[in-house]
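Each chain, letter by letter, is given below.
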Amino acid sequence: MNIAQLLVRSATVYPTQPAVFFGERCLFDYRTLAARAACIGGYLRNTLGLAPGERVAAFMTNCPEYLEVLYGIWWAGLVAVPVNAKLHPREMAYILANAEASCLFVSADHAADVMPLLDAIPSVKRAFTPGSADYANILKAAPIGLQHRAADDLAWLFYTSGTTGHPKGVMQTHRNLLAMTTCYFSDVDPVDPGDAIVYAAPISHGAGLYNFAHVLKAARHVVPESGGFDTAELVALSARVGRLSMFAAPTMVKRLVEHVAGSGTDPAGFKTIVYGGGPMYVEDIRQALDVMGNRLVQIYGQGECPMCITSLSREQLADRSHPRWLERIASVGVAQSLVEVCVTDTDGKPLPHGETGEILTRGDPVMAGYWHNPEATAKTIRDGWLWTGDLGSLDADGFLTLKDRSKDVIISGGSNIYPREVEEVLLKHPAVREVSVVGRADPEWGEVVVAFVVGSGADAAQLDALCLEHIARFKRPKEYHFLDALPKNNYGKVLKTELRKHFQANQGSKS
């Protein structure tokens with residue numbers, strides 16, 4: 001089934017239900033949203049001549065047009081490639097080339113930087129900017145009927161960074177997305193037409209994936225006028241729009257809680273805050289529950305199993321009378337309804353309760369594989385199980401606790417940052433002989449990037465400028481430590497544990 005059938009259904013059953021808001025202002029209802037998607041789909045198929053299964057990318061900051069672009073792509077039987085708008089244009093260009101995207105939708109704030117790069121990507125036929133005259137012409141195209149897609153056809157190509165420094169395309173099928181949506185209702189939150197989801201986090205990622213549950217139930221979709229996360233704006237929207245749900249990284253939750261507590265605002269306008277994408281400290285969870293009330297749900301997932309490995313329900317978070325409440329709120333909850341979760345040793349043998357090993361999961365939400373990367377797919381999916389690369393333990397009641405990340409990923413503000421990607425950029429500087437990047441715990445961001453550099457003649461300002469030239473701003477190191485040599489074992493492997501001891505012992509001694 002084509003995932004866009006969810007919109008067709010709501011436009012038929014709830015045609016006048018308000019659908020898309022920009023701030024407090026309703027722009028159009030479900031009938032209009034579906035009509036606009038049908039026109040976009042008609043243009044892509046009939047005017048551009050795109051065939052089913054071709055890829056169409058979106059490099060856009062959050063805006064009211066984002067949903068109609070996505071549904072227009074699926075309406076036409078095409079594959080959406082939403083790209084993180086925080087990425088450097090060169091990183092975006094790599095994704096477009098790898099995905100062999102046929103068309104690009106780019107928001108006005110990125111167009112000037114992106115357009116000159118498209119000549120080097122032969123697959124891209126056209127690029128459009130919402131709000132432009134060209135985009136207005138798309139909406140005048142003859143609409144088409146919803147194009148049939150099989151459940152296992154590709155729907156969403158999600159690029160997630162890999163340890164090689166090059167992003168990998170996670171293939172999410174219509175079946176994957178429908179299974180994830182089913183899990184939202186059973187394990188995260190019920191939805192009705194009176195509810196609203198606000199996109200304070202990027203639509204290209206987890207926040208956008210939750211659109212499906214809210215489209216299916218004809219709920220409201222709110223894009224803040226800021227286009228992102230602003231605590232005062234969100235609190236105002238919660239009061240004026242009402243029954244507001246959102247997905248947020250832990251650092252966002254913490255800032256929202258601090259604002260509500262500091263301002264004395266009533267949080268009653270918030271219905272549900274789903275948090276995930278990074279570590280949430282127990283004391284932060286306790287404060288959030290104290291300030292926001294019984295409105296929080298935690299999820300654990302990956303791009304490879306989107307939003308859909310485990311969940312910690314609002315009832316479990318609120319059950320302070322449970323004798324192991326503190327242990328439970330430090331966990332990431334229990335397996336969601338349509339997946340199995342186990343913890344194994346390196347050979348895939350399940351471990352006893354309480355022992356730490358690699359987290360594996362399987363079920364309908366698990367990706368079909370990596371785009372044009374059978375080697376990585378075979379390594380990650382074995383006998384139907386997704387090897388997450390994360391380490392954790394299961395207790396006898398099925399609660400999963402994360403221990404560490406075997407892939408060395410740094411999660412800062414809910415965004416994944418892979419050390420090797422940063423290391424490869426820093427090594428472009430002629431004075432840098434060796435470099436190793438690790439994460440340091442940070443109370444606001446969860447983790448921040450720290451670089452250890454061997455080489456004379458380079459300073460932090462030069463390395464910062466180099467990073468800003470090649471990678472997204474949020475990936476650059478927040479600290480640089482200059483060493484004579486990196487600590488290594490007998491095999492020449494850098495001992496990152498020793499590096500972490502170095503900055504733990506030298507807090508504040510940034511070079």
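Residues numbered from 1 in each chain as written. Predicted model: local features only at pLDDT ≥ 70, side-chain atom pairs only at ≥ 80, totals over all residues. Heavy atoms only, no water.

1. Considerations on the overall build of the protein
Keep this limit in mind: Numbering of helices and strands runs from the N terminus, with a helix taken as a DSSP run of H or I at least four residues long and a strand as a DSSP run of E at least two residues long. The atom set for the radius of gyration is the C-alpha atoms, and the globule formula is 2.2 Å times the number of residues raised to the power 0.38. Only protein chains enter the area calculation, which uses a 1.4 Å probe; residues under 20% of their type maximum are buried, those over 50% are exposed, and those in between are partly exposed. The contact criterion used throughout is that any non-hydrogen atoms of two residues lie within 4.5 Å. All accessible-area figures derive from a Shrake-Rupley calculation using a 1.4 Å probe, and residue coverage is judged against the displayed protein chains alone. For this count, His and the chain ends are skipped, Lys and Arg are scored as positive, and Asp and Glu as negative. Here the site of a charge means NZ on Lys, CZ on Arg, CG on Asp, or CD on Glu.
Of regular secondary structure, the protein possesses 18 helices and 26 strands. Relative to the globule expectation of 24 Å for 511 residues, the C-alpha radius of gyration of the protein, 23 Å, shows essentially globular dimensions. When the backbone C-alpha atoms are referred to their principal axes, the protein occupies close to 65 × 60 × 50 Å. Counting all 511 residues of the protein, 57% fall into the buried class. Across the protein, contacts joining residues at least 24 apart in sequence account for 67% of those joining residues at least 6 apart. For the protein, the exposed area adds up to about 20200 Å²; of that, 50% sits on carbon and sulfur atoms. Each charge class in the protein was averaged separately, 48 positive and 55 negative side chains, and the resulting centres sit 2 Å apart.

2. Side note on the packing of helix α2 (residues 30–47) against helix α3 (residues 65–75)
We apply this condition: To define axes, lines are fitted to C-alpha atoms, for helices over the stretch in contact only, and angles between the resulting N-to-C directions are given on a 0 to 180 degree scale. Small angles under 35 degrees read as roughly parallel and large ones over 145 as roughly antiparallel, with 65 to 115 read as roughly perpendicular and the rest as oblique. Here a crossing is called left-handed whenever its near helix is offset anticlockwise from the far helix by less than a right angle, and right-handed whenever the offset is clockwise. Asp, Glu, Lys and Arg are counted as charged, while Ala, Val, Leu, Ile, Met, Phe, Trp, Tyr, Cys and Pro are counted as nonpolar; the rest, among them Gly, fall into the polar class.
With their axes 7 Å apart at the nearest point, α2 and α3 run at an angle of 55 degrees to one another. Overall, the two elements α2 and α3 adopt an arrangement that is oblique. Read as a crossing pair, α2 and α3 show a hand that is right-handed. Seen from α2, the contacting residues are Leu33, Ala34, Arg36, Ala37, Ala38, Ile40, Gly41 and Leu44; seen from α3, they are Glu68, Val69, Tyr71, Gly72, Ile73 and Trp75. Here the residues of the contact of α2 with α3 are counted per class, giving 10 nonpolar, 2 polar and 2 charged.

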